[in-house]
Amino acid sequence: MENVIDLKDIWVSYDGVRVLESVNLVVKDKDFLAIIGPNGGGKSTLLKVILGLIKPDKGSVSLLGGMPAKTRRYVGYVPQYHSSNLDFPVTVWDVVLMGRLNTKRPLQRYNDDDRNAATEALKTVGMLDLKDRQIGELSGGQKQRVFIARSLVNKPKLLLLDEPSTGIDSRMQKEFYELLNKLKSEIAIVMVTHDLSAVSVYVDKIGCLNRKFHYHDDKEISSHDLEVSYQCPVELIAHGVPHRVLKEH
Ligand SMILES: Nc1ncnc2c1ncn2[C@@H]1O[C@H](COP(=O)(O)OP(=O)(O)OP(=O)(O)O)[C@@H](O)[C@H]1O
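Scoring rules and cut-offs
Residues numbered from 1 in each chain as written. Predicted model: local features only at pLDDT ≥ 70, side-chain atom pairs only at ≥ 80, totals over all residues. Helix = DSSP H or I, 4+ residues; strand = E, 2+ residues; numbered from the N terminus. Buried ≥ 20, exposed ≤ 12 C-beta atoms within 10 Å, placed from the backbone. Contact = placed C-beta atoms within 7 Å. Pairing = 2+ DSSP bridges. Near = placed C-beta within 6 Å. Core = buried A, V, L, I, M, F, W, Y, C linked by C-beta atoms within 7 Å.

**Focus: the overall build of the protein**
Scanning the protein for helices and strands turns up 10 helices and nine strands. Within the protein, the proportion of its 249 residues that are buried is 36%. At a minimum sequence separation of 6, the contacts of the protein that also span at least 24 residues come to 66%.

**What to know about the pairing of strand S1 (residues 5-14)**
Here S1 pairs with strand S2 (residues 17-27) via seven bridges, running antiparallel. Looking across to S2, one finds that Leu7 is bridged to Leu25. Adjacent in sequence and paired antiparallel, S1 and S2 are bridged by two residues, among which Asp15 carries a positive phi angle near 45 degrees. As defined by bridge partners, S1 adjoins strand S4 (residues 58-63) across five bridges and the pair is classed as antiparallel. Each residue of the ladder has a partner; that of Leu7, found in S4, is Val61.

**Thoughts on the site of the ligand**
Around the ligand, the structure places Tyr14, Asp15, Val19, Gly37, Asn39, Gly40, Gly41, Gly42, Lys43, Ser44 and Thr45. Top contributing element to the shell around the ligand by residue count: helix H1 (residues 43-50), with three residues.

**Concerning the nonpolar core**
One finds Leu158, Ile189 and Val190 to be the most contacted residues of the largest nonpolar core, which totals 46 residues. In terms of nonpolar packing, the next biggest core, distinct from the first, is built from 17 residues, Val92, Val95, Ala118 and Val153 among them.

Set out below in structure tokens:
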């Protein structure tokens, strides 16, 4: 089977400022890769390159064996969590069904296939019982499960998660990562995260990104590598002090 993601020599600049420099990355079926790195290191930009939302200045991008514009509908993407976007009245069921919108023509109604896909996705994430609840009434961890269900309704081959543990209290994080671990037996997962403790427990591979990409084919990453990427002492990284703050003080 072809690689799920294959990036070769990717370079990206915004207004002449370089954000990604000669990034190479291969993700295979059922890999669980975490991308870590300091704020502003280029993680979200890298996800946008993978999805074909940003065209690199240089380099080639293959997603599921093709051009991202054609293949990204087979990707489940869960963007960064913004609690302020959830103040409107909409149920869990509605949110998950919305994941099917990109398979529909304008104004076409949902059919049984859509409803079955939504039911199955909610079962997978353990949220079927709460399908009639308003999304705004859920805990952070429950909301993230719903967004993952929404990204699963089209049976993706790859799940891309941008800081998925934001908004989840530490008690629920273990459960959340166990859900990802379960999903990984069926699809590849790439997760951008600041959560270094989860990285060491749950993922299989790590990429550390700070403009350049330091990729590790397993989860053993040395303190030295972390310090080089974050440009600060490892004790501070572990305490979640953002790179920018360190530089300013
Ligand atoms: N559309 C844009 N136009 C100009 N600069 C941008 C744009 N998007 C991002 N940047 C800049 O590019 C750099 C990388 O941003 P990016 O969001 O990819 O980093 P990140 O690693 O995801 O950061 P964080 O961990 O804070 O989310 C930052 O300096 C950011 O300010």
